[in-house]
Amino acid sequence: MAVKPHHTLVVLVENKAGVLARVAGLFARRGFNIESLAVAPTDDSRLSRITLAVDAESAPLEQVINQLDKLINVVSIRELAPSESVERELLVVTVNATGETRGQIMDLVRIFDGRVLNVGPDRLMVSMSGGPNRVDDFESLLRPYGIAELQRTGKVALPRLASAGGEVGEF
Amino acid sequence: MKLNGGQALMRSLERQGVEIVFGLPGGAILPAYDPLIDSTIRHVLVRHEQGAGHMAQGYAQATGQPGVAIVTSGPGATNIVTPLCDAYMDSVPLVVITGQVPYAAIGTDAFQECDTTGITMSVTKHNFLVADAQDLPQVIHDAFHIATTGRPGPVLVDIPKCIVDPRNPRSGLEWYEPDGVDLPGYRPRTEPDAGAIAAAAELICAARRPVIYSGGGILKSRAADALMRFAELVQIPVVTTLMNRGGFPDDHPLCLGMPGMHGNYTAVTSMQRADLLITLGARFDDRVTGKVGAFAPDAKIIHLDIDPAELGKVRQADVAIAADCRLGIEALIEAVDALGGAEAQADRRQWHETIADWRRRYPLVYEPTEPGGALKPQFVLEQLRDATPDDTIVCAGVGQHQMWASQYWRFNHPYTWINSGGLGTMGYAVPAAIGAKAGRPDRMVWAVDGDGCFQMTAQELVTANTERIPIKVAILNNAYLGMVRQWQEMFYEERYSEVYLSPDLPDYKGWAEAMGCEAMRIENPDEVRPAIDKANEIDDRSVVIDFRIDTQEKVFPMVPAGASNDDIVLDPSQHPPRP
């Protein structure tokens, strides 16, 4: 899978109804492309964290940040450069696994620190998490065996501890 | 103190200093109209919800206070979407209250239900759906705060019926005075960055061919006085965009007037040849820049705007300053003074001479009416301008009449020009004029309208007459959707498609009289001035004058859409200019 150049933004928003629609609507009407999106509450129940990968070619990053910042419910925005952050993504996949290929697939699962979630007579459901490139590699290595279903979460990210600069939250 | 939601809504509006609201009741908002009877707030009953929104806009633009409109759910809400979008584009502070079906019915496709917050999300600065009566005082407080601070804009508050209905237990609340705002993500920046101001001041002093490009932010931040002091200090010519007509007086020797698609030659060309554009509260709109890549190619850019998202959106700035326009200009004055003020300015004699030469050679011109010929709209506007007080408020719709009004009026006071700039909403003039007159009853208010525009919102003249808010309307009736006709003539080989309207259907004079107005029909140049004088004498009701103008008349100069500003088309009587 060709990796498009992208920016990762970590956006803290008020945990209120409709906030995701406001963010998604802004991206749609300004013509900014979202590569991936993950949303979940933070340890502070008033806030949710949106991790966005934005197509770097669709708009200048400064415009994306400034437009996002105009949304009243957006509390803070931080860009995470890949070198300054730890990124993780979860993949869950159901892959064809007949007698002769099952062992090869199990080897890949072990190499990539994956887990078997469910076993069928001719299929395996496995999960694996890692940095986006590693997840890409795992997915492409499984593909020749025949993928029945696949779901990726979109990545989440936090600043790398060694270079974690200012505070993310402002409460 | 126990109140119900409807009472709390009125009390919250009163607490914000609201004196007048424009609205129309209906099912979902009905309970809120009952406590209105006991309120100090004046309600103006409109004939269409779009009128309520544009009246609130006219009021806000004339007074600087937020305009308030109240409408019901469903069609009431959808009818006010156009004014919301208009206010969003032109940064007009509005608070719009919409009724909503009871909370329990939301999502069931109930009668007159629509997803108002969803529909208006992209045309408001922010919107709220009130979930609990107890939140109402805080939400109204926050709504006014958001609408009027930072870059102003429209805020909508959607209130389910159960919250304002005293018979519903959900409507009860304990009244409280909100203590500040509860908006952790909203911190508009108003103070300029000192380093950027210093860098801008150096560019200003050194510039040989500078132009001040002043936009609507001047009026929004009450910065007209600061702009005057700044321009006079540095002696730099000023263009005033469509949104800032009146923000710098047309009679001032440094004023070059309106730039853009129908701007005058000197305003357009001075920006094209400038080595520095001092951009104050303007946003490089496509109607100003023409083809962006060819706009002011040699100019460095100073860009002062309160909205950081405008900086670098269209044209990258050499010095970007995110700040309130007035505070930013005051800081620029100080910084230029620190460098030596007027003495420190580069030699610009050549530049001023070049500009003076353009002004002499390429003034705004039109062919006067030949004997027996049709009235010229420019002549009507000159007569109207000369016969009315200097501080008359002029409102316009959108199209040829709007451009002629902006070109031929002399705006010498801020807040005397009210029009739909960004959205280009036909039908804006009549309701906006009513709102402006409601806010400034001491002023004469004229709506300059086109015949196409007038037919979109004329019914609000009934509102004007029943509510005793007398305005005056000059219809420049050319029996066409004139601007579209002009484009079809110039760019579609005179293939006229669906632009003819008829001068007589409707009978504008009869229609205006039916709505309670004094009305006149004028066809000859010598009748124009007496008709205007007569209209100016009438103060107990609205007046409509149907001016029958030349259907062939076009707006010049014109920069064709998408063309470079260097390719400006002048009036055919003027020699083609060589830049």
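Not measured: the values here are computed from a predicted model.

## Digging into the packing of helix α9 (residues 194-206) of chain B against helix α14 (residues 325-338) of chain B
Helix-helix packing: each pair is described by the crossing angle between the helix axes and the interaxial distance.
Residues and elements named next belong to chain B.
Next up, step 1: Interhelical geometry of α9 versus α14 gives an angle of 60° and a closest axis separation of 9 Å. Where α9 crosses over α14, the handedness of that crossing is right-handed. Contacts between α9 and α14 pair Ile-197, Ala-198, Ala-200, Ala-201, Ile-204 and Cys-205 from the former with Ala-331, Leu-332, Ala-335 and Val-336 from the latter.
Next up, step 2: Its residues assigned to classes, the contact of α9 with α14 comprises 10 nonpolar, no polar and no charged.

## Some remarks on the sheet that holds strand β6 (residues 126-129) of chain B
All names here are of chain B.
Next up, step 1: Taken together, the six strands give an open sheet; going across it, the order is β3-β2-β4-β5-β7-β6, and neighbouring strands pair in parallel fashion. Pairing within the sheet leaves two strands with one partner each, and these edge strands are β3 (42-45) and β6. Sheet twist, expressed as the mean angle between neighbouring strand axes with direction ignored, is 20°.
Next up, step 2: Pairing of strand β2 (residues 20-24) with β3 involves four bridges; the strand directions are parallel. Along β3, the bridge assignment pairs Phe-22 with Val-44.
Next up, step 3: Its contacts with the sheet put helix α3 (residues 49-63) on β2, β3, β4 (67-71) and β5 (94-100), and the angle it makes with β4 is roughly 165°.

## A short note on the environment of A:Asn15
Residue and element names in this part refer to chain A.
Next up, step 1: Among the structural elements, Asn-15 can be located in the loop between β1 (6-14) and α1 (19-30).
Next up, step 2: Take Asn-15: there are 15 C-beta atoms within 10 Å of it, and that puts it in the partly exposed class.
Next up, step 3: Put simply, Asn-15 and Asn-73 are 58 residues apart on the chain and 8.4 Å apart in space, counted from C-alpha to C-alpha.
Next up, step 4: Look past the residues within four positions of Asn-15 in its chain and what remains in contact with it is Pro-41, Ser-45, Arg-46, Leu-47 and Ser-48.

## Looking at the sheet that holds strand β19 (residues 518-522) of chain B
All names here are of chain B.
Next up, step 1: The strand order β16-β15-β17-β18-β20-β19 describes an open sheet built from six strands, whose pairing is parallel. Bordering the open sheet on either side are β16 (417-418) and β19, each of which pairs with just one other strand.
Next up, step 2: Bridge count for strand β15 (residues 393-396) against β16 is two bridges, and the pairing is parallel. Following the sheet pairing, Cys-395 is matched in β16 by Ile-418.
Next up, step 3: Docked against the sheet, helix α16 (residues 377-387) engages β17 (445-450), β18 (472-477) and β20 (543-548), running at close to 165° with respect to β18.
Next up, step 4: The strands that helix α18 (residues 429-439) touches are β15, β16, β17 and β18; relative to β17, the one it contacts most, it runs at about 175°.

## Here's the deal with the nonpolar core
Next up, step 1: Residues B:Ala69, B:Val157 and B:Cys395 are the most contacted members of the largest nonpolar core, which totals 202 residues.
Next up, step 2: Beyond its immediate sequence surroundings of up to four residues, B:Cys395 is in contact with B:Gly58, B:Ile418, B:Asn419, B:Ala429, B:Ala432, B:Ala433, B:Ala436, B:Val445 and B:Ala447.
Next up, step 3: Core analysis: the next-biggest nonpolar cluster, separate from the first, contains 12 residues, A:Val93, A:Val95, A:Ile105 and A:Val135 among them.

## Some remarks on the domain arrangement of chain B
Residue and element names in this part refer to chain B.
Next up, step 1: Once the domains are mapped, chain B shows domain 1 (2-174), domain 2 (194-361) and domain 3 (377-548).
Next up, step 2: Computed over C-alpha atoms only, the centres of domain 1 and domain 3 are separated by 30 Å.
Next up, step 3: On the side of domain 3, 25 residues touch domain 1, which itself brings 24 residues to the contact.
Next up, step 4: Top contributing element to the side of domain 1 that touches domain 3 by residue count: α3, with 11 residues.
Next up, step 5: A breakdown of the residues in the side of domain 1 that touches domain 3 according to their chemical character gives 11 nonpolar, 10 polar and three charged.

## Some points on the interface of chain A and chain B
Next up, step 1: In this complex, chain A contributes 15 residues to the contact, which on the side of chain B involves 13 residues.
Next up, step 2: Elements with a contribution of two residues or more to the side of chain A that touches chain B: α1, α2 (61-70) and β4 (74-80) of chain A.
Next up, step 3: Looking at which element gives the most residues to the side of chain A that touches chain B, the answer is α2(A), with five residues.
Next up, step 4: Class assignment of the residues belonging to the side of chain A that touches chain B gives a composition of four nonpolar, six polar and five charged.

## What about the packing of helix α11 (residues 224-234) of chain B against α14(B)?
Residue and element names in this part refer to chain B.
Next up, step 1: Two numbers describe how α11 lies on α14: the axes approach to 9 Å, and their chain directions differ by 25°. The angle between the axes of α11 and α14 places the two elements in the roughly parallel class. In this structure, α11 meets α14 at a crossing whose hand is left-handed. On α14, the residues touching Ala-226, Leu-227, Arg-229, Phe-230, Leu-233 and Val-234 of α11 are Arg-326, Ile-329, Glu-330, Leu-332, Ile-333 and Val-336.
Next up, step 2: When grouped by side-chain class, the residues that make up the contact of α11 with α14 number nine nonpolar, no polar and three charged.

## Some remarks on the pairing of β20(B)
Residue and element names in this part refer to chain B.
Next up, step 1: Counted residue by residue, β20 has six buried out of six residues, so it is predominantly covered.
Next up, step 2: Note that β18 and β20 share six bridges and pair parallel. Note that in β20 the partner of Asn-477 across the bridge is Arg-548.
Next up, step 3: For β19 and β20, the ladder comprises five bridges, and the chain directions are parallel. Paired with Arg-521 across the strands is Asp-546, a residue of β20.
Next up, step 4: You can see the chain leave β19, run along helix α23 (residues 525-537) and come back into β20, and the turn it takes is right-handed.

## Observations regarding the environment of B:Thr463
Residues and elements named next belong to chain B.
Next up, step 1: Among the structural elements, Thr-463 can be located in helix α20 (residues 460-466).
Next up, step 2: The spacing of Thr-463 and Phe-128 is 335 residues in sequence and 29 Å in space, taken between C-alpha atoms.
Next up, step 3: Apart from residues no more than four positions distant in its own chain, Thr-463 is found in contact with Val-44, Leu-45, Val-46, Arg-47, Gly-51 and Ile-434.

## Thoughts on the domain arrangement of chain A
It is common to give the size of an interface as the accessible area lost on bringing the parts into contact.
Residues and elements named next belong to chain A.
Next up, step 1: With domains assigned, chain A is organised as domain 1 (6-80) and domain 2 (86-156).
Next up, step 2: Domain 1 and domain 2 are separated by 29 Å when their C-alpha centres are compared.
Next up, step 3: Taken together, the contact between domain 1 and domain 2 spans six residues of the former and five residues of the latter.
Next up, step 4: Elements with a minimum of two residues in the side of domain 1 that touches domain 2: β2 (34-41) and β3 (47-55).
Next up, step 5: Sorting elements by how many residues they give to the side of domain 1 that touches domain 2 places β2 first, with three residues.
Next up, step 6: Across the side of domain 1 that touches domain 2, the residue classes break down as three nonpolar, three polar and no charged.

The rules behind these values
Residues numbered from 1 in each chain as written. Chains lettered and ligands numbered in written order. Predicted model: local features only at pLDDT ≥ 70, side-chain atom pairs only at ≥ 80, totals over all residues. Axes fitted to C-alpha atoms, helices over the stretch in contact; angles between N-to-C directions. Helix = DSSP H or I, 4+ residues; strand = E, 2+ residues; numbered from the N terminus. Left-handed = near helix turned anticlockwise from the far one by under 90°. Contact = placed C-beta atoms within 7 Å. Nonpolar A, V, L, I, M, F, W, Y, C, P; charged D, E, K, R; others polar. Pairing = 2+ DSSP bridges. Buried ≥ 20, exposed ≤ 12 C-beta atoms within 10 Å, placed from the backbone. Core = buried A, V, L, I, M, F, W, Y, C linked by C-beta atoms within 7 Å. Domains from an automatic or database assignment. Parallel < 35°, antiparallel > 145°, perpendicular 65-115°, else oblique. Right-handed = clockwise from strand over helix to strand, strands pointing away.

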